Amino acid sequence: MSENAEQTDILFTPLTINKVTLANRIVMAPMAALSPRLDGHPSEQTIAFLSERAKGGVGLIILGGSAATRRSWGEKPVKTGIRFDDDRFVPDLKRVTDAVHAHGTPIFAELMPGMGAMAKPSAAWPLIAASPKNIVIGRERLPKGMFSPADRVTGTPREATVEEIRQLTQEMAESAVRAQRAGFDGVEVPAMMNYLLTSFLSPRTNWRTDEYGGSVENRARILADIVRLIREKVGPSFPIGLRITANEHVDGGQGPEGFADIARHVEREGLDYVALTDGNYESMHFNISDTDTPTVAHGEAKIFREALSCPVIIGSIHGPENAAQAISAGHGDAVMLARQLLADPDYANKARNGRSQDIIRCDHHNHCMLRLALDFPVRCTVNPRTGRESRQPGGLPPVDRLVKSPIEKAVLTAAGSERFINLLGKFAKKQS
């Protein structure tokens, strides 16, 4: 065994989540990078993208970009998503799980109930959140490679009614059953960024005076109710995870102790793991970090690890040696990767075989994030195959891509130019 392999050996010890055993501690984080069909069915590209990462040796894939309720499909701010809100999607979802399982990799489904203040409002789906608080995304807090002429301010949501909360809870449980029928090995409840569930967790965004506001127990109630009902529907052996913010990183925001307390309350209802994300849309430079181990360096991960009995999965650790060190030091039990697995789907295989030096490293320029923000298909500056996995190497792109690609390139050139965006902001100010 090479010295590199010895340094990362702990990454390749099995981890059991409920009754599902992962071959290693490397998890593909949920990403809206799957290019599904416009009607909500997974596409051939969806299957090819996930299969490539499964073949690359990750221990677990968590599917993202989903719509688990009628609301989440109706209010999504992008054109596409993978639907779990109706039985007719189960057969195609089964094609996804079969393709991933062919490589011996388990796959969980992240189930999104609603987007909160980040949603696209309409007459049918007005914005709702725990309380009527909008989101301000400061231009100076954007991650590397992303620029804005001014702060982005969302609309103000209205307070979600108890009836709406209970309806979403029921629909989440029904979607978890569909995921189980489709062959998914587990499900994940997303309470991160500034999405609907997250708005209930912090006193900064939850001012309610009913059973869903005030105390830690009340602010955790929506998550506890969802996990409890899912557990009743799927049985004791089906993994249920929670993705939760580790630290808001904003003035007056909740820190890791508060979020860990929330997670501890939810764990009692049958939670099998907790995955951490740092920051939110108001502190995106924390969420999309250009350095490794932010939740380890700031101490958030250790706080969760000490508060919980279930496994803790930590993110934003791109280097395998750093990932192994974080697990060895007791900060978490596994690591999840997003951008790095766009850059190199074979990351896990290379690390396991002592070839860490051959890993194609994410450049942290966030071209992928810029494309997603503009609702363009995901691409990667260091891996030209990303987003094109379903194409034969050397094959011609579809006709619609021949038309759209030059337009996207022009938009990306402008959107990725700090100077142009600043000039745009100054012009807008003069006109106002």
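Calculation notes
- Residues numbered from 1 in each chain as written.
- Predicted model: local features only at pLDDT ≥ 70, side-chain atom pairs only at ≥ 80, totals over all residues.
- Heavy atoms only, no water.
- Helix = DSSP H or I, 4+ residues; strand = E, 2+ residues; numbered from the N terminus.
- Rg over C-alpha atoms; globule rule 2.2 N^0.38 Å.
- Buried < 20%, exposed > 50% of the residue type's maximum accessible area, 1.4 Å probe, protein only.
- Areas by Shrake-Rupley, 256 points an atom, 1.4 Å probe, with all protein chains shown as cover.
- Lys, Arg positive; Asp, Glu negative; His and termini not counted.
- Charge placed at Lys NZ, Arg CZ, Asp CG, Glu CD.
- Pairing = 2+ DSSP bridges.
- Axes fitted to C-alpha atoms, helices over the stretch in contact; angles between N-to-C directions.
- Contact = heavy atoms within 4.5 Å.
- Salt bridge = Lys/Arg side-chain N within 4 Å of Asp/Glu carboxyl O.
- Core = buried A, V, L, I, M, F, W, Y, C linked by side-chain atoms within 4.5 Å.
- Polar contact = N/O pair within 3.5 Å; in protein donor to acceptor, adjacent residues only side chain to side chain.
- Expected span 1.5 Å × (residues − 1).
- Bend = angle between axes of the 7 residues up to and from the residue.
- Phe/Tyr/Trp six-rings, centres within 6.5 Å; stacked < 30°, edge-to-face > 60°.
- Lys NZ or Arg CZ within 6 Å of the ring centre and 35° of its normal.

I'm lost on the overall build of the protein in this one. Help?
Secondary structure assignment for the protein yields 17 helices and 16 strands. A globule of 432 residues ought to have a C-alpha radius of gyration of about 22 Å, and the protein, at 21 Å, matches this closely. Along the three orthogonal principal directions, the C-alpha set of the protein runs to about 60 × 55 × 45 Å. Looking at the protein as a whole, 58% of its 432 residues qualify as buried. Surface summary for the protein: the accessible area is close to 17400 Å², and the carbon and sulfur share equals 53%. Here the protein carries 52 positive and 51 negative side-chain charges, and the mean point of each set is 6 Å from the other.

What exactly am I supposed to notice about the sheet that holds strand E14 (residues 273-277) here?
Within a beta sheet, neighbouring strands are joined by backbone hydrogen bonds and run either parallel or antiparallel to one another. Read around the closed barrel, eight strands run E3-E4-E7-E12-E13-E14-E15-E16, paired in parallel fashion. Going across the sheet, the axis of each strand differs from the next one's by a mean of 25°, ignoring polarity. Bridge count between strand E15 (residues 312-315) and strand E16 (residues 334-337): three bridges; the pairing is parallel. Within E16, the position partnered with Gly315 by the bridge is Met336. Sheet strands in contact with helix H2 (residues 44-55) are strand E3 (26-28), strand E4 (60-63) and strand E7 (107-110), and its direction is about 160° off that of E4.

Hey, could you run me through the pattern of salt bridges in this one?
Side-chain pairs of opposite charge can arise whenever the charged atoms involved come near each other. In the structure shown here, the tally under the stated rule is 31 salt bridges. A salt bridge links Arg37 to Asp39, with the shortest nitrogen-to-oxygen separation between them at 2.7 Å. Look at Arg37 and you get partly exposed, because its relative accessible area is 39%. We note a salt bridge from Arg204 to Glu248, for which the minimum N-O separation is 2.9 Å. In this pair, Arg204 sits in the loop between strand E12 (186-191) and helix H6 (216-219) while Glu248 sits in the loop between strand E13 (240-245) and helix H8 (256-267), placing the two residues 44 residues apart along the sequence. You can call Arg204 buried: its relative accessible area is 14%.

I would appreciate a short explanation of the nonpolar core in the present structure.
Looking at soluble globular proteins, one finds that nonpolar side chains tend to be buried together. Ranked by internal contacts, the top residues of the largest apolar core, which has 89 residues, are Leu50, Leu223, Ile244 and Phe304. Among the elements that take part in this core, helix H7 (residues 221-234) stands out by supplying seven residues, more than any other. The residues contacting Phe304, other than those within four sequence positions of it, are Ile244, Thr245, Ala246, Pro256, Phe259, Ala260, Ala263, Val274, Leu276 and Val312. Counting residues in hydrophobic clusters, the runner-up holds 16 residues, among them Met118, Met146, Met284 and Ile288.

Which parts of the structure should I look at to understand the pairing of E15?
Every other side chain in a regular strand lies on the same face of the sheet, so the side chains alternate between the two faces. Every second residue of E15 is oriented toward a common face, with Val312 and Ile314 on one face and Ile313 and Gly315 on the other, all of them buried. Where E14 and E15 come together, two bridges link them in parallel fashion. Residue pairing across strands places Ala275 opposite Ile313, the latter belonging to E15.

Sorry if this is basic, but what is going on with the environment of Asn24 here?
As for its position among the elements, Asn24 is in the loop between strand E2 (20-22) and E3. For Asn24, a relative accessible area of 2% puts it in the buried group. As for Asn24 and Asn353, which are separated by 329 residues in sequence, their C-alpha atoms are 13 Å apart. Non-local contacts of Asn24, meaning those with residues more than four positions away in its chain, are made with Leu11, Phe12, Thr13, Gly57, Val58, Gly59 and Arg352. Within the structure, Asn24 has its side chain in polar contact with the backbone nitrogen of Ile26 (distance 3.0 Å).

Sorry, what's going on with unusual backbone geometry here?
Backbone phi values are negative for most residues with the exception of glycine, while trans is the configuration of most peptide bonds. For Ser35, which is not glycine, the phi dihedral falls at a positive 45°. With respect to the element layout, Ser35 can be found in the loop between E3 and H2. You can call Ser35 partly exposed: its relative accessible area is 26%. Residues other than glycine seldom take positive phi values, yet Met193 does so here, at roughly 55°. Structurally, the position occupied by Met193 is in the loop between E12 and H6. A relative accessible area of 8% means that Met193 is categorised as buried.

What exactly am I supposed to notice about the pairing of E12 here?
Extensive coverage of E12 is indicated by the burial of six of its six residues. Neither face of E12 is left uncovered, since the one carrying Gly186, Glu188 and Pro190 and the one carrying Val187, Val189 and Ala191 both have all their residues buried. Two strands pair when backbone bridges link them, and E12 and E13 are joined in this way by five bridges, in the parallel orientation. Opposite Val189, over in E13, you have Leu242 as the bridge partner.

Looking at this structure, how should I read helix H16 (residues 399-415)?
Between the first and last C-alpha of H16 there are 25 Å, a value that for 17 residues agrees with the 24 Å anticipated at 1.5 Å per step. Along its length, H16 reaches its greatest deviation from straightness, about 30°, at Ser405, and the proline Pro406 lies no more than four positions downstream. Within H16, burial applies to Arg401, Glu408, Leu412 and Ala415.

How should the packing of aromatic side chains be read in this particular structure?
Each aromatic ring pair is characterised by the separation of its centres together with the angle its planes make. Following the criterion strictly, the structure yields four aromatic pairs and no others. Pairing Phe84 with Phe184 gives two aromatic rings, centres 5.5 Å apart and planes at 55°, and the pair type is tilted. A residue pair is termed long-range when its members are at least 10 positions apart, and Phe84 in the loop between strand E6 (82-83) and helix H4 (90-101) and Phe184 in the loop between helix H5 (162-181) and E12 qualify at 100 residues. Phe184 carries the same exposure label as Phe84, and that label is buried. Taking the ring centre of Phe49 as reference, the NZ or CZ of Arg53 above it sits at 4.1 Å.

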